[in-house]
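Chain residues, written in single-letter form:
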Amino acid sequence: MGGASRSLNSFADRIFTAFAEFAVKRSLLLCLVGVVIGIAFSLGLLVAKVENRDINALWVDLDSRVDDERKAYEDIFGGDSRRVSVMVSGAALGAGDPLFSINDTVVRDNNALDAMREAMLVAASLEFTYEGMNYTRRDVCERPLVPPALMPGGSSATLYTAYSQCMSSNSFFTSLLYSGLRSVYPALNSAYTQLPSGWGVTELPCNRASPLDCFREGEEVDYPEELRLLGHVAGPLATAYSTSYTALEAQVANTVVDFPVGQVTLPLSVKAITSSGSVLPCWFASATADLTCLNSTGAMPVDLNDIQATATAVANGITQISVLLTGLSPALAPASSGLTNLASALSSVPPAGLPAANVPSFAVNARTITIGALRQAAPVSPLLGTLVSYIDLSDMVQLNPTQSSLPVGAQCIGTAAATYTGLTNPANQTFQLAQGELVNAALFFSSLGYWWRPSYRQMTQAQIVEHINSAANSQVNPVVRADARQCILNASIRCCQTWNGAFISTAITTAGKAQSVGRPVSGTDFTSMNLDSITLLQNGWEDYNANNPLWQDQLELVFPNISWTSQDRREGLATAFDNALTVEWLKRYNREVETGFNTGGNYSSFRLDFTTGASFSDLLEDGTRLEGGLVGLSYGIMAFIVISQLGNYIPALFRIKDSTTMQLFFVNSHGSLGFYGLLVIALGSAAGIGFAAYVQITLNALTINLVPFVALGLGIDDMFVLAHTMITLNDRSRSVADIMGEVLRLAGPSVCLTSFANAVAFILIYYIPIAAVRQLVLVLMISVLINLIFLFLIFVPLMVWDLRRNHANRYDIIYAKSSKVTKKTVCGDKYDKPLLDVFIDKIYAPLLSMKVVKVIVIVCFCAFFGWALWSGIVKTEQGLRTSDIALKNTYQRDLAVLAEARFPIQRANLLTRALGYNFSDPRAQQLLLNTLDSLDESPWLVRGFRAHDVNFLSNGSASILSFYARLHSAGVLPGCPAANVSYPIQAEQCYTNFFPQWYAQVGAGLYPYLHCRNSSGGRVSCGSAGAILTASRTGYYLGNLVAHQDYLDAITDVRKRTDAYSNNEVNSFSVGFPFSFWEQYFGVETTLIAAIGFGLLGVFVVTFLFQLNPWLSIIVCSVILMIVVETVGLLEPMGIKLNALSITNIVISVGMAVEFVAHYARAFIVAPGPRDKRMTIALHEMLQPMINGALSTITAMSVLALARYPFFRTYYALMFVVIVLISFANGLLLLPVVLSLVGPGGNSGNAAKVKPVDTEVGLELTEIKTELKSPPESSENSSLQTERP
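On a predicted model such as this, the values are computed, not experimentally measured, just so you know.

Taken together, the four bridges between strand β17 (residues 1010-1013) and strand β19 (residues 1028-1038) define a ladder with antiparallel strand orientation. The residue bridging Arg1013 from the neighbouring strand is Ile1028, located in β19. Connecting β17 to the next strand, strand β18 (residues 1019-1020), in antiparallel fashion are five residues, including Gly1017 with a positive phi near 95°.

Structural data, given as structure tokens:
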């Protein structure tokens, strides 16, 4: 290809020579055109759109499944929720100081929980202003809608209020059952208080997972008053419905109570209720007699030792006998120790006229009495009450012993239904539906609230730890799932539930130290919890994503006079809340005086760490934004270096001897040219970013901050090549046009080669499907090309003017001042060459020409390459943690460090879409149930967590299947098949007819997790007529994510489980930060190899097209490959991990390597003579500009070491300096040796035009000595007749 190469070079010579002639004649025009274009393009910065809030959109692999899944999730639910989290721990960051210890058995103020309570109250009561309106946390958090049926005047609220009012007249319920419950649950009111007329729920709390929810004090935070009223009646009313007389009788009939030896006064209050509702007095005739009750026919004995004998009482009109023993302590001793602590009876006066001996008190001597309803020391059910004793003989409504299996509250259930419907016929379907709705409400409400939870203020630290351990272990028990109702019914089960009774795992609210050595971190132990201390408390919730259409609906409902269609307005509202909350929590983080966390305050021994919905985005935005001072300092230092290098100021200090040499120095200086060249490159960088903004390329803060530095590093080398060539060839005996023609003929192709090689490499790297990488390489490609254009449009005219200034004998910088030096031509003295040329001729080139040195260089570089390859494959770690990015002593980093060390948990969402099937189809329901079953079996779900517990289909009492099952069992769904939480509704029509009722009564409470459309496919409220549920999301937590590989294993396992039950009809997949951010690491090696490969392909194509020499292109690409591999090998020693950021820098290293390799390769191939001689010529031509470029780039990048963020100091200052050093060493040490050994033949067609080295190299400062040897000319000839600009 020698002939073709010569023809190509000859054609390039003509083109560049012609352009030089035009530039000399029209320099002002070219410069003005370039400046105008630069300013016009730079104005694009004013309209640049910087996307930095969505981390997923930047770093997600666009060709992976996660991109499609993320887009589907955003289309339905707007994307990930804004996670808010606050932690309370010991005062030392990351320390495991116990907040509560199993060894502390003293009841005290549990300040750690109070500290968490203060932090939560700050958020719950926060008011903030946005656009002149006041808002609260409730306006931004994800919270359930109040189901229409539960609103004031709604069917369920009205029915339930009537039920509560009816039960207030049931003396058995109010005097006995409720009083007994209160003895166990003191949070209940002292006496039963019915709900007021018109009661209903107007607002529900924000969803949350808090350690306070394990205790009664959870009611003190974000819990509306109407729900507090409900909490005092919900449990007792549910008990009245769910417990039948017969069931209670069978449960307690044979309970034996042993009285101690000796005399004990046993006060009793006894009464009997007849079929007509009359209350008959009862008493004991003597200490040994049976109970006697007085009816219309006289006194009638009732044998309490024989339940079967109650038939006699029924026959005599007695339907219920109740015995109350008041004042008994709930904490009973074993039965053998006897009953103590008895108080006086409510009423114990026998009817008038009875013998005086019939007193209510009597002495008992060592005897055993069987009283059917007294509880033993180990109570079976707290709902029965510690003090309540009763024998139920028949139902209060149907006064017939055969119907004693009906609930205690059956009469009032019917009464409420009759009141609401105006019907009394039990067979009427409307009446039955009302009863069914009321029953559902009674059971659903029973688990709401905090009335059944213990108070931590009355517990020892040991009891708190034991309570948490017990709750956690009961939650992971495969036999007993500890939902709220089970916790209420069984005192041996402990629970930690949300405010609405939904299951939460204690692992996401507490962490601590295990009792047995070697156990995993408590929050990630999947088998059981065995803590001996609690070291961390965590509270978290989700706020709406600004893109979520459900939030827009809710805002329009609450604030109908404001338009919420603008995403920016919603984003502004969310950000305003985050900012206001950050201000308040920062006061506690910084221990300010007005908070309890200040020095000496109640919580001074604890620390508060937090993150808001904007914290990570703010961190990323702030962390990728360079300080303006650093940018200015970097460019200032760069300007100083460039001016010094092109002005030769430092060597001049040693050579200036008098005023004449001083004047000659300032004439021959080119410092101002370097300064203007730096401005040209800066303008090109700004114009590149501005042009990218014009063409709608989305930018991010990282791109905007990196491009000026990278483009400067790439462009400065080309500028130095042009300037150095001009200075070298400057000869005042020749015209400016001749010199510029020679400069562009020699340096122009080299500059174009490197610029086009970089541009093509960057555009090919665009293939890498990571948005942040694509944005960066696009802007870099544009900036490189614009810099190239500006070098020719602006810098070449500046070179012309600088040559004219020099030939006109004018001083550098002070153009109006002319020197009195009159010698027209100053010939270089070969003995006064610049020191670098002397070094090349006398030391460097001869040394590299020695065979032994060549062998040593090749061996050393090959060894280094081999080590780097091994280090890159074996030693380089993957990943990027928040703590790697965050600035020290900031709240973001402190929380990240704490969470990574002691709380390695991440939230995710399971999105399920009904594509071919609707959820009315039992096949769709079954696929979702199978998916939940499989997901619950994953070892990576947080210990004790079940996806079933939070999914709309099967999450306990509020789920659609459990709601359906209750109505079906009540007989109010005639013709519909049975279903339960594990078995779908088999009839589609039954589901379709039932869905609106479910949503209106309880389903709206799951509002943030449901997505409905109409028959036309448009999004509608799930409460709308004809709404079809098409998608749902289920939040869950991944745990034990300690190492980077844990994330990959967890994602792989979850996907395998969900994919097994996904098809074209029903599609389930998981989304969230772990899935989006860690997706890149599944193919990070492939991404890296592809980026390098495409970059090298671009370099090969361009170098081949410019030189038509494939062998040279192969050598160039091989050396660049070595540079890249060596860079990767040094990641581990530099403390840098392999991630999208470091891959981005490695992509940039291809461009930097081109600058140090391609320039020299071009100079080598056009030089004449044998290989060693051409090596020397190329070194003379390129070593000086490459040193200048390397020094200026390294110095500019080193300024980043002063950045506040360690992220910049490591990933950019250190890494870029290393890249430049490696590129310089390979390009100007290894490459010369390789080309001198196996380089392609010389280009003889160009040889005649290249001057011999000794006469070609002659910088102005070397002419000083020659000038001094010449006698000065007369003053009248002191001016030179030269071209003027």
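Still more to cover.
Strands sit in the order β18-β17-β19-β16-β20 across an open sheet of five strands; the sheet is antiparallel. The open sheet has two free edges, formed respectively by β18 and β20 (1066-1071), since each of these has just one partner strand. Relative to β19, strand β16 (residues 906-914) runs antiparallel, the two being bridged by eight bridges. The residue bridging Leu911 from the neighbouring strand is Arg1033, located in β19. In the packing of helix α4 (residues 65-77) onto the sheet, contacts are made with β16, β17, β19 and β20, and the angle to β16 comes to roughly 80°.

Let us look at unusual backbone geometry. The backbone of Glu131 shows a phi angle near 50°, a positive value even though the residue is not glycine. Along the chain, Glu131 falls in the loop between β3 (127-130) and β4 (133-136). The phi torsion at Leu1108 lies on the positive side, around 50°, for a residue other than glycine. Mapping Leu1108 onto the fold places it in the loop between α35 (1084-1107) and α36 (1110-1129).

Attention now goes to the side chain of Asn469. When you line up the elements, Asn469 lands in helix α14 (residues 461-476). A polar contact is formed between the side chain of Asn469 and the backbone oxygen of Leu531, at a distance of 3.0 Å.

Among the structural elements, Leu836 can be located in helix α26 (residues 835-849). The exposure class assigned to Leu836 is buried, which follows from its relative accessible area of 19%. Considered as a pair, Leu836 and Leu1183 are 347 residues apart in the sequence and their alpha carbons are 8.5 Å apart. Among residues more than four places away in sequence, those in contact with Leu836 are Leu1183, Gln1184 and Ile1187.

Their axes nearest at 8 Å, the elements helix α38 (residues 1140-1166) and helix α39 (residues 1171-1198) cross at an angle of 160°. When the interaxial angle is binned, α38 and α39 end up roughly antiparallel. For the crossing formed where α38 meets α39, the hand is right-handed. Residues Met1152, Glu1155, Phe1156, His1159, Tyr1160, Ala1163, Phe1164 and Ile1165 of α38 form the contact with α39, whose own contacting residues are Arg1171, Arg1174, Met1175, Ala1178, Leu1179, Glu1181, Met1182, Met1186, Ala1190 and Met1197.

A separate point is the nonpolar core. Counting 355 residues, the largest nonpolar core has Tyr160, Tyr163, Trp585 and Trp998 as the members making the most contacts within it. If one sorts the elements of this core by residue count, helix α25 (residues 771-807) sits on top with 22 residues. Discounting chain neighbours no more than four positions away, the residues touching Tyr160 are Leu195, Trp199, Leu230, Val233, Ala234, Leu237, Leu438, Ala441, Ala442 and Phe445.

Between its first and last C-alpha, helix α6 (residues 155-167) extends 18 Å over 13 residues, near the 18 Å set by a 1.5 Å rise per residue. With 11 of 13 residues buried, α6 is to be regarded as a mostly interior element. Taken together, the buried positions of α6 are occupied by Ser155, Ser156, Ala157, Leu159, Tyr160, Thr161, Ala162, Tyr163, Ser164, Cys166 and Met167.

Criteria and thresholds
- Residues numbered from 1 in each chain as written.
- Predicted model: local features only at pLDDT ≥ 70, side-chain atom pairs only at ≥ 80, totals over all residues.
- Heavy atoms only, no water.
- Pairing = 2+ DSSP bridges.
- Helix = DSSP H or I, 4+ residues; strand = E, 2+ residues; numbered from the N terminus.
- Contact = heavy atoms within 4.5 Å.
- Axes fitted to C-alpha atoms, helices over the stretch in contact; angles between N-to-C directions.
- Polar contact = N/O pair within 3.5 Å; in protein donor to acceptor, adjacent residues only side chain to side chain.
- Buried < 20%, exposed > 50% of the residue type's maximum accessible area, 1.4 Å probe, protein only.
- Parallel < 35°, antiparallel > 145°, perpendicular 65-115°, else oblique.
- Left-handed = near helix turned anticlockwise from the far one by under 90°.
- Core = buried A, V, L, I, M, F, W, Y, C linked by side-chain atoms within 4.5 Å.
- Expected span 1.5 Å × (residues − 1).

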